[in-house]
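# Coordinate analysis (summary)
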Protein chains: 2
Amino acid sequence: MKRLAEHLGLSQAAVSFVINRSPAAKSIPHRTQELIRAAARELNYRPNHLARSLRQQRSFTIGVVVPEISEGYAALVMSGIEDHLLQEGYFYFVVSHRHRNELIEEYPLLLQQRAVEGLIAVDTALSEGLDVPSVAVSGHRDVPGVTNIVLNHAKAACLALQHLASLGHRRIAFIKGQAFSSDTEVRWDAVREAAQKFEIEVKEQLTGQLEGESSSPLLGYQVTQKLLGSGEAFTALFTFNDISAIGAIQALREAGQRVPEDVSVVGFDDIQSAAFQNPALTTVRQPLREMGMIAAETLLQRITAPANAPYPTEIVIEPELIVRGSTARLAQPSDVR
Amino acid sequence: MKRLAEHLGLSQAAVSFVINRSPAAKSIPHRTQELIRAAARELNYRPNHLARSLRQQRSFTIGVVVPEISEGYAALVMSGIEDHLLQEGYFYFVVSHRHRNELIEEYPLLLQQRAVEGLIAVDTALSEGLDVPSVAVSGHRDVPGVTNIVLNHAKAACLALQHLASLGHRRIAFIKGQAFSSDTEVRWDAVREAAQKFEIEVKEQLTGQLEGESSSPLLGYQVTQKLLGSGEAFTALFTFNDISAIGAIQALREAGQRVPEDVSVVGFDDIQSAAFQNPALTTVRQPLREMGMIAAETLLQRITAPANAPYPTEIVIEPELIVRGSTARLAQPSDVR
DNA sequence: AGAGCATAGTAAACCGATTTAGTAAGAGAT
DNA sequence: ATCTCTTACTAAATCGGTTTACTATGCTCT
C-alpha cells in the first residue's frame, strides 16, 4: 500500500479511504478515486489482512473445535458452518482434539491468541472463562457465554421407541454412546423416559455402550456381539448412531439373525450413507448440516451484537424419524405372557 | 505486554526477549527472567498472534482448498493434513468451492491476503502465479510452484483389472468420474492401458460417467441403470469410487442381479464404510489419510526451505487392492467363442 | 588510570494497514 | 479585506508485538 501511495503521489491515508469506501472518502473527488482504484487494480494490490485485523481489532475469523474430522457427524456440521461463514466473509480455523483433555483445554486458548472472534465447539465441552462468544453444538453444560444448540432428545427417543413399539417390539436392546460424547447422557435419560412411557423394559443385559475413540462401525459390531452373547433375546436394537448401527447389522447377520425379519435396527443421525445401506437404515434424523448453519448464524449475530446484549443459552432442534428398510413388524410377538 | 512491562518496571523489549527465549535473552540474568515469566503467568499473558505474524512475516498458517467437506474423500485427506500441521504448530483455514470456478480462482487469493504461508489443494486445480508454496493432492497439471501428490493410477488400474481377469471376467463395465474431478482423465487412461494389457475390450456401451455435483451413491445408481439398459451384458463393474459402487450395487440388485454371484463390483478409495457394506466392497485402496499427511509434510518442508531451493514436482503414492466380498469367480465364462 | 569487555538492559524503528486530528487552498459571504 | 466554510487531502498515532542499535554500569587487566 505504501508503494501504491507513492506511485500515485498521494498519502496512504487517501488510498486507504478510497479502497475501504470509508466515509472519509466523500471528500475525495471521483476522478481521484478512479485513479486510485485503477492503480490498485494495475499493481494488483491486495490489503494485508493481518495488519487490518490488528488495527481494527476485527479478524473476521472464528475457531471450530471438533473431536475429529473423519467422522460423518463433525464433517456434516462443519459443512453447514462453512456455508454460512464464508458467505458472510468470515474464515475459520479447524482444530480436532481427539478427546485428549489437554487439547480440549488448550485449543480454545490458542484460537483466542489467534484473535478469533468466536468459537464453535462440536460435541465438545467448552470450559468456562472464554473471552469470546461461543456456540456449542450438542453442548449440554450450562456455561456462561455459551449458546448450546441441542437436539430435542426427548422427542427423538419417543419417535424411535414409538415406531418400534407400534411394530410390536417389546424386547429392545440399546447401545449407548461413548462416555465422552456430549449427547450420551442426555439421550440415555430421554430413552429411559420414553421407554417408561411406552411401557418398554430397559434391561441391564440388553444395554451396551460404545467403547473406544474412533468412530468406526467396528465399535457397534463389538458391542452387538456382547449383547448377543448375553443370553437375553431381543427383537429390536436402538443404536447411538448410524455408524454403530452399520456395525451392529453386520454382527447380527453373522450371528444368523436377519435384519429386519428377526431384529429391527434403528440408527441415529441419518448420515449420507444411511440411505444406501442394505437394508437401508431406519434412523432418527438429526439435521446436522442445519445445526451447523444455525450455529454459525447464531455466533455471527452474537459477534456483531453489543458486548453486553442478551443472547440465547439454548436453541432446540427437532429430530425426524426416517423409516427405511431396517425395521419391520414383529412376526410373532416374543413377549408372550 | 505493555502492561506486563510496566508492571515489572522493565521495557517491552526485555519482556519480549525472555518470553520468546530469543538469543538476546542471554544478557538478562536468570533471576529477572524468572520474574518476567512469573509475572506473565500471573497476569495470564498470551501474546497476540496477529501482531507477531505481522512483524515476523510468519503466520504459521496454511490454507486448504477442498471441493466440499462432507465428502468422505476430502474429510479423510483433511484429517491427515491436520494431524501433521497442528503437531508442527501450524493452524489452517479450510475453504470449499463446490466446483464453482470463480471460487476456485478467488479463494487462493483470499487465503494469500490472509497471509497463509502455503496452500494445499485437494482434488482442485490450482491456477498459476501463486506466491506461496503449494501442494495439490490428486493434482495432475504441471504448475510452477506446485508439488503434485498423485496415486499411481497405472498400478491401480492393473490391480483391479488383473483381479477381475484372474476371476475369469472379460465383459467388464466401467464408471468414469465426473469431468471436474482431477483424477478422472488420468485414471481412465490408465484403465484403458491396463485393459489392453489384459486383453479386455473396453466397450463404448459399457462405459458410463458420473454426472452431478454431489457425492452421493445416487450418482452411481443412476449410471448403473443406464449401463443395465444398454443391452450389453457384463459380469463385472469397475467404479470410480466407493460411493458410486454402493449406488451401483443397489441398482444391480434392483435389476435382479446378485453381487457378487452375477456381477462383481470393484470400488475405489476404500472409504471407511467400504468394509461394512453388504457385501463388503472389494476396492482399490488410496491411502487418503497418508496422502494428506504427506501433503502437509511436504508443504512445511518447502516453507522452511530457502525460497529458491529445488522442490519435488510430483510424489507418487502406491495403491493397494483390498479384496472383500463384492467380487467372485465367474461361474460360467460368458465369453464363449 | 585507562582500555576493553561483559552485563543488563532501553529507545526507537518496524510490520501494513486504519483512523484521528489537522492543514492548505480556494470559494462565497459580509 | 476578512471571516467562514468546504474541499482535498496529509501527518502522525495506533494496533501489539519483534528486532536492531545503542547506552550505562561495573569489572578486569595492564
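Residues numbered from 1 in each chain as written. Chains lettered and ligands numbered in written order. Predicted model: local features only at pLDDT ≥ 70, side-chain atom pairs only at ≥ 80, totals over all residues.

Below, the discussion takes up the sheet that holds strand S7 (residues 207-209) of chain A. Strand pairing in a sheet relies on backbone hydrogen bonds. The paired strands run either parallel or antiparallel. All names here are of chain A. The strand order across the open sheet formed by 6 strands is S7-S6-S8-S9-S10-S12, and the pairing between neighbours is mixed. Where the open sheet ends on each side, the last strands, each with one partner, are S7 and strand S12 (320-322). Shown here is a sheet whose adjacent strand axes are inclined to one another by a mean of 20°, direction ignored. Helix-sheet contacts for helix H7 (residues 153-166) involve strand S6 (172-176), strand S8 (236-238), strand S9 (264-269), strand S10 (282-285) and S12, and the interaxial angle to S9 is about 165°. (Pairing = 2+ DSSP bridges. Helix = DSSP H or I, 4+ residues; strand = E, 2+ residues; numbered from the N terminus. Axes fitted to C-alpha atoms, helices over the stretch in contact; angles between N-to-C directions. Contact = placed C-beta atoms within 7 Å.)

It is worth spelling out the interface of chain B and chain A at this point. Many analyses report the size of an interface as the accessible area lost when the parts associate. Each partner contributes to the interface: chain B provides 37 residues, whereas chain A provides 37 residues. Breaking the side of chain B that touches chain A down by element, the ones donating at least two residues are helix H4 (49-56), helix H5 (72-87), strand S2 (91-96), helix H6 (101-113) and helix H10 (242-254) of chain B. Residue composition of the side of chain B that touches chain A, grouped by class: 19 nonpolar, 14 polar and 4 charged. (Nonpolar A, V, L, I, M, F, W, Y, C, P; charged D, E, K, R; others polar.)

Looking at DNA strand D, there are 27 residues lining it, with Ser-11 and Ala-13 of chain A together with Met-1, Ala-13 and Ala-51 of chain B nearest. Looking at the surface near DNA strand D residue by residue, the classes come out as 14 nonpolar, 10 polar and 3 charged. (Near = placed C-beta within 6 Å.)

What follows is about the sheet that holds strand S7 (residues 207-209) of chain B. All names here are of chain B. Taken in spatial order, the 6 strands make up an open sheet running S7-S6-S8-S9-S10-S12, and their pairing is mixed. On the outer flanks of this sheet lie S7 and strand S12 (320-322), each paired with one strand and no other. Taken over all neighbouring pairs, the strand axes of this sheet differ in orientation by 20° on average, direction set aside. The sheet contact formed by strand S10 (residues 282-285) and S12 spans 3 bridges and is antiparallel. When the bridges of S12 are listed, Arg-285 appears paired with Glu-320.

In the vicinity of DNA strand C lie 27 residues, with Ala-13, Ser-16, Asn-48 and Ala-51 of chain A together with Ser-11 of chain B positioned nearest. Among the secondary structure elements, those contributing two or more residues to the surface near DNA strand C are helix H2 (12-19) and helix H4 (49-56) of chain A together with helix H2 (12-19) and H4 of chain B.

Before going further, it helps to examine the relation of the copies chain B and chain A. Of the transformation superimposing chain B on chain A, the axial component is 0.1 Å and the angular component is 180°, with the fit at an RMSD of 0.2 Å. Taken together, the rotation and translation relating the two chain copies correspond to the operation of a two-fold axis. Taking the C-alpha atom as reference, chain B places Phe-93 of chain B closest to the rotation axis, 2.5 Å from it. Mapped onto chain A, 100% of the interface residues of chain B again fall at the interface, so both copies present the same surface. (Least-squares fit on C-alpha atoms with pLDDT ≥ 70 in both.)

In short, the description is geometric, and any link to function would need to be established separately.
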